[in-house]
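# A closer look at the structure
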Amino acid sequence: MCTQRSPYNWSRDLYTRHGETIETYLRNTVLPALQDKTGQGGTILLNELKHRWSNHQIMNKWLKKFFTYLDRYYVKHHSLPTLEQAGLGHFKTEIYQNSKENTTSAIISLVNEEREGEIIDKTLVKSIVELYESMGMGSLDSYTNDLEQPLLDATRAFYGRKREDWITKDSTPDYLIKAEKALGEEKTRVVEYLNPATEPKIRRVVEDEILQKVQMNLLEKEGSGCSVLLANDKTSDLQRMFKLFSRLDSGLQPMANIVEKFITSQGNACIEKRQARLDSGEKDKNDDPEFVKSLIDLQEKYLGVIRETFASHHLFQKALKNSFEEIVNNDVGNFSNAELMSTFCDRILKSGGDKLSETEVEQSLDRIVQLFSFLNDKDLFAEIYRNQLAKRLLNQRSASDDAEKAMIAKLKVQCGTQFTSKMEGMLNDLAVGSEQKSEFDRRMELQQENSLSFGVQVLTTGNWPSYKAPEVALPPQMSKCMDVFKEWHDAKHQNRRLTWVHSLGNATVRATYGKKSYDLQVTTLQAVVLNVFNEGKSYGFSELKSKLNLDDITLKPLMHSLSCGKHKVISKSPASNKIASTDSFSGNAKFSCNMRKIRIPVASVESSHNKNRVEEDRSVAIEAAIVRIMKARKTLSHQQLVAEVLSQLAFFKPQPRVIKKRIEALIDREYLERSTENSQQYNYLA
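Below: a short report on this structure. (Residues numbered from 1 in each chain as written. Predicted model: local features only at pLDDT ≥ 70, side-chain atom pairs only at ≥ 80, totals over all residues. Heavy atoms only, no water.)

## Some remarks on helix H26 (residues 656-668)
Over its 13 residues, H26 runs 19 Å from end to end, which matches the ideal 18 Å to within 8%, given 1.5 Å per residue. Buried within H26 are the following residues: Ile659, Arg662, Ile663, Ala665, Leu666 and Ile667. At the C-terminal side of H26, Glu670 shows a positive phi close to 65°. (Helix = DSSP H or I, 4+ residues; strand = E, 2+ residues; numbered from the N terminus. Expected span 1.5 Å × (residues − 1). Buried < 20%, exposed > 50% of the residue type's maximum accessible area, 1.4 Å probe, protein only.)

Okay, structure coming up:
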């Protein structure tokens, strides 16, 4: 039939009759059968369609095999659809186009029944979905347009109704449990009988309906919103909330904002508690471990929440940073938080402070450095810490050299080498000084010229805080020791100049009262004062002042410590707890104590830091930043220059008016000039 030459070749007629036969069968047999099932229920219609589609596939397959020769030659030569394609095309035209609306409605009805918890024939639905896919003839156009889009519209309507029902009846955690379950079920539904391409589309529809449209309602819901969950430490509920809202575009930002406000409110509660204690009459001092520990505990708690509950997401890390920057830089009372934090470190690191193991010290230092990282006035902290470090080192009150080095190393990691260079220099001075001290001690032992045990600590002026150096009138024995050391030191270091700072020295004085001897552990200045009373005479305050060459500010604390403290080794007349210029003093012959070694502390007259020096250092840093920026940029507007200066200053955050003042100073010194065309613009002068 198909191998003869024309007019005896019947290929065209055979191809045409193949199509007509299939069309006739579909139109007269299959379509009426489907129309009879319409209206009897979705499952009945779909089962009939599945049956007819299966029969058609079998018929199509065998007809293709019977007429393979047509496909191989006639169809290919005339560029016609293959017999299989033609068969599918006829089914699409005669059956699919006439029944797709009813079958789509039936599928959507079954899907909604399953969403309500009923059991459906998933295999049946999957078979019909495959039919839709086949009708695309190699593409998913038919599936997408005829089934997927109506299904998405129906899904939106279904979950819109559910959303209104859930938001009214359920708490936020219960709502989110249902939302999480719905999203999981939709994903499973796609795997079981829908095309994989539908999964992201249906997911977006469900997320939009049950999450996006009610996000703020859920986050702020009274009694169960995000703040309430944070307050009650509902970790699993918060994790679910984070997981679900992370699906949305910008879905985590509102949640992060609430977390930031909540943490800030918790920090402000700690600050208000400290304020209440001060208002109730508690003495304001630079040592408030309770307050600092409350901030450390708060920071550690919510750092853990950010890590474990919110997977260290950058938005929540930023929320934590912003909240603690506000908390830590909110000073209450006369002492800044920088000073309170530095004093907290001092308690940990000095001997006689908090009794902690090495591990506890390490953990405490780690936590305080984390809190320190939020501080704006890092330079102020450094100044106070350096003063306290100096006192610990010079008075030999440091509990552990290793702990001191560890703390400086942590600060160095946080702020860089410049921040800790002076602190490292202080430790280095002591290390080098110990070698020099040993060498000098050996020389003193060989000479045996002095009955005093004498030691000197040589410090580098630039590394240490500046101290007052009163020109006290020393006893001859002390002066001789100093001369011996100066001679030895000048021989070793010809280009160095020694400046004696007696206010930092300490001494052990052997004192005999009656038949009992005591070792008094005092400062060098206290020892000089005690030496005056060695002959048993009485002196008035003015006489002492003249004899010792000391001013009132220095002498009064010394006399107060010796005559008004716990151990009154000197008698004062008249007896009182204050030192007056009319008082007279003498050795206390009646002094007695059960201890042989007695430490007599003296109140420090120096502040924890030099505020003027901090301000001067800040002015220098601001001006250096301005010159650096302008040298590179040549011309900048006022706002741009202020913004760049603020971005470059790492250790403190000055007010814009302070920066403006430094700009004016640089203009006066002709580093910069105002533009003649625009007064808000500056030019760099080389």
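From this point, the narrative continues.
## Digging into the sheet that holds strand E3 (residues 539-540)
Spatial ordering of the open sheet is given by E3-E5-E4, a layout of 3 strands whose pairing is antiparallel. Bordering the open sheet on either side are E3 and strand E4 (570-573), each of which pairs with just one other strand. As judged from the 4 bridges shared by E4 and strand E5 (residues 584-587), these two strands associate in the antiparallel manner. Counted as the bridge partner of Ser573 is Ser584 from E5. (Pairing = 2+ DSSP bridges.)

## Observations concerning the side chain of Ser336
Note on placement: Ser336 falls in the loop between helix H14 (314-328) and helix H15 (337-349). In this structure Ser336 comes out as buried when scored by relative accessible area, which is 15%.

## As for the packing of aromatic side chains
Counting across every chain of the model gives 16 aromatic pairs. Judged by centre distance (6.0 Å) and plane angle (75°), the rings of Phe262 and Tyr302 are edge-to-face. Of this pair, Phe262 sits in helix H12 (residues 252-279) while Tyr302 sits in helix H13 (residues 289-308), and the two are 40 residues apart along the sequence. Summarising the burial analysis for this pair, Phe262 and Tyr302 share the class buried. Ring centres 5.8 Å apart and planes at 50° place the aromatic pair Phe372 and Phe419 in the tilted group. Here Phe372, found in helix H16 (residues 358-372), pairs with Phe419, found in helix H19 (residues 417-447); they are 47 residues apart in sequence, far enough to count as distant. As far as the burial class goes, Phe372 and Phe419 line up, both buried. Feature note: the residues Phe372, Phe381, Tyr385 and Phe419 constitute an aromatic cluster, connected by ring pairs. Directly above the aromatic system of Phe372 lies the positively charged group of Lys378, at a separation of 5.7 Å from the ring centroid. Lying across the ring of Tyr385, Arg392 places its NZ or CZ 5.4 Å from the centre. (Phe/Tyr/Trp six-rings, centres within 6.5 Å; stacked < 30°, edge-to-face > 60°. Lys NZ or Arg CZ within 6 Å of the ring centre and 35° of its normal.)

## Observations regarding the pattern of salt bridges
Under the counting rule described, the total for this entry stands at 49 salt bridges. Salt-bridge contacts for Asp288 lead to Arg277; the nearest nitrogen and oxygen are separated by 3.0 Å. Of this pair, Asp288 sits in the loop between H12 and H13 while Arg277 sits in helix H12, and the two are 11 residues apart along the sequence. Both residues of the pair, Asp288 and Arg277, count as buried. Across the pair Arg510 and Asp519 runs a salt bridge, and its minimum N-O distance is 2.5 Å. On the basis of relative accessibility, which here comes to 9%, the residue Asp519 falls in the buried class. A single salt-bridge network, built from bridges that share partners, covers Glu114, Arg115, Lys122, Glu186, Arg189 and Glu192. (Salt bridge = Lys/Arg side-chain N within 4 Å of Asp/Glu carboxyl O.)

## A word on the nonpolar core
Core analysis: the biggest nonpolar cluster contains 108 residues, and Phe245, Met255, Phe316, Ile368 and Ile626 have the highest contact counts within it. For this core, the leading source of residues is H12, giving 10 residues. Look past the residues within four positions of Ile626 in its chain and what remains in contact with it is Leu641, Val645, Ile659, Arg662, Ile663, Leu666 and Leu672. In this structure, Cys481, Leu520, Ile570 and Ile600 belong to the second largest nonpolar core, which totals 41 residues. (Core = buried A, V, L, I, M, F, W, Y, C linked by side-chain atoms within 4.5 Å. Contact = heavy atoms within 4.5 Å.)

## Considerations on helix H18 (residues 401-415)
With 15 residues, H18 should cover 21 Å at 1.5 Å per step; its first-to-last C-alpha distance of 21 Å lies within 8% of that length. Listing the buried residues of H18 in full gives Ala403, Glu404, Met407, Ile408, Lys410, Leu411 and Cys415. End-on, the buried residues of H18 take up no more than an arc of 155°, which puts them together on one face. Residues Asp401, Asp402, Lys405 and Val413 are exposed on H18 and point more than 90 degrees away from its buried face. The N-cap residue of H18 is Ser400: its side-chain oxygen and the backbone nitrogen of Asp402 are 3.3 Å apart. With its phi angle positive at about 100°, Gly416 sits one or two positions after the end of H18. (Arc of directions from axis to C-beta. Polar contact = N/O pair within 3.5 Å; in protein donor to acceptor, adjacent residues only side chain to side chain.)

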